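Descriptive structure summary
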Amino acid sequence: MGAKIKKGDLVQVITGARQSRGGDRGKQGKVLRVFPETNRVLVEGINRVTKHVKAGQTQRGTTTGGIEQVEAPLHISNVALVDPSTKKPTRVGFRVEKVERNGVEREVRVRVAKASGKDI
């Protein structure tokens, strides 16, 4: 079955604290990774958390570790796909098209923005 949100999609956070209170609601970012087993997505620049990494050494002798800012996954229901034509969040639907390739006719599911009705 086709996924509504895929890697590389532009999504917007639709829940949580608003930006004036230090939250991520309203921010847009690119999906870096999708975790279908837990229904979570990793979005570039969104849901950044402070991670304490234990100090260590690399092969060259440089020290690693300290306090880092990394992106944490957030639930897929908290983001909405951004409609490329309106640049606003939209729900996603599917349309089935018949495509003929190399003489073989196949049914292909195409993602459609519910707000504008255009293909994504």
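Residues numbered from 1 in each chain as written. Predicted model: local features only at pLDDT ≥ 70, side-chain atom pairs only at ≥ 80, totals over all residues. Heavy atoms only, no water.

Within an unreviewed UniProt entry, the label attached to the protein reads Large ribosomal subunit protein uL24, and the organism entered is Arthrobacter horti. Within the UniProt record for the protein, the comment given under Sequence similarities (unreviewed entry) is "Belongs to the universal ribosomal protein uL24 family." (UniProt positions renumbered as here; feature names shortened; annotations may be inferred.)

Glancing now at the pattern of salt bridges. A full pass over the atoms with the stated rule returns six salt bridges. Among the salt bridges present, the one from Arg 111 reaches Asp 9, with a minimum N-O distance of 2.7 Å. Taken together, the positions of Arg 111 in strand S10 (residues 104-113) and Asp 9 in the segment before strand S1 (10-13) put the pair 102 residues apart, joining distant regions of the chain. This pair shows no difference in class: Arg 111 is buried, exactly as Asp 9 is. As a salt-bridge pair, Glu 71 and Arg 48 come within 3.2 Å of each other at their nearest N and O atoms. Here the residue Glu 71 occupies a position in strand S5 (residues 63-71), and Arg 48 occupies one in strand S4 (residues 48-57), the gap between them amounting to 23 residues. Classification of Glu 71 by relative accessible area gives partly exposed; the value is 24%. Take Arg 48: its relative accessible area is 42%, and that puts it in the partly exposed class. (Salt bridge = Lys/Arg side-chain N within 4 Å of Asp/Glu carboxyl O. Helix = DSSP H or I, 4+ residues; strand = E, 2+ residues; numbered from the N terminus. Buried < 20%, exposed > 50% of the residue type's maximum accessible area, 1.4 Å probe, protein only.)

So, on to the packing of aromatic side chains. Evaluated as defined, the whole model comprises zero aromatic pairs. A cation sits over an aromatic face here: Arg 109 above Phe 94, 4.2 Å from the ring centre. (Phe/Tyr/Trp six-rings, centres within 6.5 Å; stacked < 30°, edge-to-face > 60°. Lys NZ or Arg CZ within 6 Å of the ring centre and 35° of its normal.)

One non-glycine residue with positive phi stands out, namely Asn 47, at about 60°. Tracing the backbone shows Asn 47 in the loop between strand S3 (40-43) and S4. Assessed through its relative accessible area of 25%, Asn 47 is described here as partly exposed. Within the chain, Asn 102 stands out as a residue other than glycine whose phi angle is a positive 55°. Residue position: Asn 102 is located in the loop between strand S9 (92-101) and S10. By relative accessible area, Asn 102 is classed as exposed at 77%.

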